[in-house]
Amino acid sequence: MPQLLLPGFPGGAIRIGPALSILKKEGRITYFVGPDNFFSHAVSDACSQRFALATLMANGHVRPSEVERSDLGIPHRTLMNWVGQLAEHGPGSFFEPRRRRGETVMTEEKTAGCAQLLGEGRTIADAARRAGVGASTLRKAVQAGRVVPTAGLGTDKALGNSEATSKSARGRADARAAQGMGTACTRAAERLAAALGLIKSASTRFERCQDVAMGGVLAGLPALCANGLFSGLGRHVSLPGGYYSAMQILTLLGFMALARIRRPEGLRHVLPGELGKTLGLDRVPEVRTLREKIATMAGQGTPQAWMQELSRQWMQADPQEAGYLYVDGHVRVYHGSNALLPRRFVSREKLCLRGTTDYWINDALGRPFFVVSQTVTDGLAATLLDQIVPELLASVPGQPTEAELAADPLRHRFAVIFDREGSAHSLLGKLWERRIAAITYRKAVKDLWPAEAFAEVEVPVIGGDVTRMRLATRQTTLTAGQDVLPVLEVRRLTRTGHQTAIITTARHLESPAIAGRMFSRWCQENFFAYMMHHFDIDGLVQYGSEEIPGTTLIVNPAWRTLDRAVKDARVRIRKLHAEIGAQTLRNDGDDIEQQAEWLQDVQRLEADAAELRLKRRQTSRKVPLSTLPENERPRQLRPLGKMFTNTIKMIAYRAETELVGRLRPHLAKEEDARALIRELFVSSADLDPNEQDHTLTVRIHRMASPAHDKAIGALLANLNHSDIRHPETGMRLIYELA
């Protein structure tokens, strides 16, 4: 073991560890192991310093960690490299002259050749092999900006100067790309340029292709554009620079909705390269990337403002139908554990389940205008007055002026139609205070009108048809204390003798119009069922939850417990009264002792119920959310992503409905038209871009029958007559049957 330093050791030495000291004096550095002079070299001799420290560490005189913590401050990894160099190459390796840089590998000729190869869409490994350079050398040159893919070269396929590729050939190319950047990542140069910030996004470039899976979804692009899919770009929806632009992501989400790819996870079961060809890209993003893009677009944008803007545009496009608005709630059930959502009754499940209530506003054709989501809600009436009516007052076109309303006391601004939940005097009265008419069913109808009061009349059906019903009309009132609200009651008599009662504050409307509007409310129920099955409006888009403002009032859990106890006591009292009555009839009053015991039980239960009612009266029914314990406070699911995707799904549904309307004259039933449109969206197609004529021809493969071919052919001819342009490339879209 080295001897420890003596007290008379020269001053000024740096102590490193228990044995090593380093003295810098008169231009030289001396290393002492204990009192012994181990090695010495000039201050400027870096090679000798590396050799000395490596030897000391290899011989165990000092540890690398001790040198790292000393005033020398040499990184631990560097010290270990020196030790490895000494062991592998010997002491002489520290004093060998440094190698000089050789000849330039990336000459101007090779740089131009690599740029052209990358511009053709080849991977870096493939381009390096063809150019005769190392893959790492080319990658460094691209990262440094010395090699930039040549724009416009290698795009003969996109320009229509080569033969169309088959599906099998594209599949092989996509599989080969998996060995490099990823499956179907055939535009590696553009992806790398986007990663380095050299381009803002990939360019939309269509290629000549045969048998593109789901190529028929391009037939829905004009309807998506017409219904405002890209109306919010730059103002309400945007993305930072990257390979995929905001327009391409919106197009993909619209295509996914039309093709019934209900969630981002559904892309795992779709060929990414094939669906990418419909976008003019090499492939669609993977699931994680798409979810990140959705979260970014929703978080950095303003999806609610975009939805409101679209709603007003749709109402302006059809002001007649915008005057009759259907409002209904739909419970979006949540089975996860990230959010503690309040329970509410789900009619389709006949259970109380945790979830969020979405209040949809539609027209008589089932087309949605907007949706309001409520995690904590007081029901339809409160949401209608607080959230929906203010937006309708600002959005519904053609509303009468204040002077016109004053001149005609029966005139209304517009009408809202809902089910029995909102038939109370309080809601109808508050709506009429703002001169908003309401049409709804009447609750608890017990009296029957005489059959001779009904007359058969023609009732208009939304869409232009008519039907016949037996109707009767009376002027009546709704009362709440001293308040009296005049309403018009319309009843329908069915063949079975059942009378369905409708009440409305729109008293100037004729009874056939009222009945037609009210019975068209089923279009909204059908809308919910259709959207749940085909568009997955209940699906989660973003995981996680967030807090609800602490000032939000919710039902007090203590009050709810007392209310449940009061109801249970009432049930027990009624059952006991029933048992007493039944026993009295059976025994003719002989068992007086048993009856006395039951009466005592009834008195005890009634006293308990009175005490519970008093406690309930003294307990606040609603309390601020902040007063609840942390583990009992409800949390809401992240709303922005759901609002963003709901907007896109509304656009997709309206786009599909528009195409169904164009196809409807050629088929007998609307259900057949919708089924055929769905078949069209998932049909294969051939893509034939023509750069010279600036056109993109989409040849859709044939349907299942000649009748369907004829109907689809008429639809495509109708689309061609509109002279539709691709929103990004500007190419004129031409649709044909293959």
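Residues numbered from 1 in each chain as written. Predicted model: local features only at pLDDT ≥ 70, side-chain atom pairs only at ≥ 80, totals over all residues. Heavy atoms only, no water.

Student: Explanation requested: the confidence of the model for the chain in the structure shown.
Tutor: Detailed reading of predicted coordinates is not advised where the pLDDT is low. For the chain, the average pLDDT comes to 87, and 95% of its residues sit at 70 or higher. Confidence over residues 1-8 falls short of pLDDT 50; this stretch has eleven contacts with residues more than four positions distant or in other chains. Considering only residues more than four positions removed or in separate chains, one finds that residues 152-161, a stretch of pLDDT under 50, has 20 contacts. (pLDDT = per-residue confidence, 0-100. Contact = heavy atoms within 4.5 Å.)

Student: What is the right way to read the pairing of strand S11 (residues 437-441) from this model?
Tutor: On a regular strand, each side chain points to the face opposite its neighbour's, so the side chains alternate between the two faces of the sheet. For S11, the buried fraction is high: five of the five residues fall into the buried class. Burial of S11 is two-sided: the residues Ala437, Ile439 and Tyr441 facing one way and the residues Ala438 and Thr440 facing the other way are all buried. Inspection of the sheet shows strand S10 (residues 415-417) paired to S11 by three bridges, in the parallel sense. Bridged to valine 416 within S11 is alanine 438. On the question of chirality, the crossover connecting S10 to the parallel S11 by way of helix H17 (residues 425-433) is right-handed. (Buried < 20%, exposed > 50% of the residue type's maximum accessible area, 1.4 Å probe, protein only. Helix = DSSP H or I, 4+ residues; strand = E, 2+ residues; numbered from the N terminus. Pairing = 2+ DSSP bridges. Right-handed = clockwise from strand over helix to strand, strands pointing away.)

Student: Which parts of the structure should I look at to understand unusual backbone geometry?
Tutor: Glycine aside, negative phi is the norm for most residues, and most peptide bonds take the trans geometry. The phi dihedral of alanine 184 is positive, around 65°, even though this residue is not glycine. Residue position: alanine 184 is located in the loop between helix H7 (167-177) and helix H8 (188-195). A positive phi is found at arginine 435, a non-glycine position, where the angle reads about 60°.

Student: I keep staring at the packing of helix H23 (residues 670-681) against helix H24 (residues 706-721) and nothing clicks. Help me out?
Tutor: When two helices pack together, their arrangement is captured by the angle between the axes and the distance separating the axes. Contact pair H23 / H24: the axes reach a minimum separation of 11 Å and the direction vectors enclose 75°. When the axes of H23 and H24 are compared, the pair comes out roughly perpendicular. On H24, the residues that touch Leu676, Ile677, Glu679 and Leu680 of H23 are His708, Ala711, Ile712 and Leu715. Here the residues of the contact of H23 with H24 sort into six nonpolar, one polar and one charged. (Axes fitted to C-alpha atoms, helices over the stretch in contact; angles between N-to-C directions. Parallel < 35°, antiparallel > 145°, perpendicular 65-115°, else oblique. Nonpolar A, V, L, I, M, F, W, Y, C, P; charged D, E, K, R; others polar.)

Student: Please explain the pattern of salt bridges as it appears in this structure.
Tutor: Two side chains bearing opposite charge may form a pair once their charged atoms approach each other closely. This model, assessed by the stated rule, comprises 38 salt bridges. Of the charged contacts in the structure, one is a salt bridge between arginine 604 and aspartate 601, with a shortest N-O distance of 3.9 Å. Of this pair, arginine 604 and aspartate 601 both sit in helix H21 (residues 592-618), three residues apart, roughly one helical turn. In this structure, the salt-bridge partner of arginine 662 is glutamate 658, at a minimum N-O distance of 3.3 Å. Here arginine 662 pairs with glutamate 658, and both are found in helix H22 (residues 639-663), just four residues apart, close to one helical turn. Relative accessible area serves as the criterion here: at 27%, arginine 662 is assigned to the partly exposed category. Looking at glutamate 658, the relative accessible area reads 26%, which means it is partly exposed. Taken together, the salt bridges that share partners define one network made up of Arg208, Asp688, Arg699 and Glu736. (Salt bridge = Lys/Arg side-chain N within 4 Å of Asp/Glu carboxyl O.)

Student: I tried to follow the nonpolar core on my own but got confused; where do I start?
Tutor: Soluble globular proteins: nonpolar side chains tend toward being buried together. Counting residues in each nonpolar core, the largest one holds 115 residues, and the members touching the most others are Leu392, Leu431 and Phe644. Top element by residues in this core is H22. It accounts for eleven residues. Formed by 21 residues, the second largest nonpolar core is a distinct cluster that contains Ala364, Ile417, Leu509 and Phe519. (Core = buried A, V, L, I, M, F, W, Y, C linked by side-chain atoms within 4.5 Å.)

Student: In this structure, what is going on with the layout of surface pockets? I would like to understand it.
Tutor: Rolled over the atoms, a probe with the dimensions of a water molecule shows which regions are left empty. Considering only enclosed or pocket space, the largest pocket measures out at about 1400 Å³ in volume. Lining the largest pocket are 39 residues; nearest its centre among them are Arg343, Arg344, Phe345, Thr357 and Thr377. For the lining of the largest pocket, the per-class residue count stands at 18 nonpolar, seven polar and 14 charged. (1 Å grid on protein atoms, 1.4 Å probe; cavity = no way out; pocket = protein on both sides within 12 Å on 5 of 7 lines; lining within 4 Å. Points joined across faces, edges and corners; volume = space filled by probe spheres on them.)

Student: Looking at this structure, I do not really get the pairing of strand S14 (residues 483-493). What am I missing?
Tutor: One ladder, built from eleven bridges, connects strand S13 (residues 466-480) with S14; its direction is antiparallel. Residue pairing in the sheet places glutamine 475 in a bridge with leucine 488 of S14. The antiparallel hairpin formed by S13 and S14 contains two residues in its connecting segment, where glycine 481 sits at a positive phi of about 70°. The sheet contact formed by S14 and strand S15 (residues 499-504) spans six bridges and is antiparallel. Within S15, the residue paired with valine 490 across the bridge is isoleucine 502.

Student: I would appreciate a short explanation of the environment of arginine 262 in the present structure.
Tutor: Within the element layout of this structure, arginine 262 appears in the loop between helix H10 (246-258) and helix H11 (272-279). With a relative accessible area of 37%, arginine 262 lands in the partly exposed category. Note: C-alpha distance between arginine 262 and tyrosine 653 (391 residues apart in sequence) is 13 Å. Among the polar contacts listed, one links the side chain of arginine 262 to the backbone oxygen of methionine 532, at a separation of 3.1 Å. There is a polar contact of 2.7 Å between the side chain of arginine 262 and the backbone oxygen of histidine 533. (Polar contact = N/O pair within 3.5 Å; in protein donor to acceptor, adjacent residues only side chain to side chain.)

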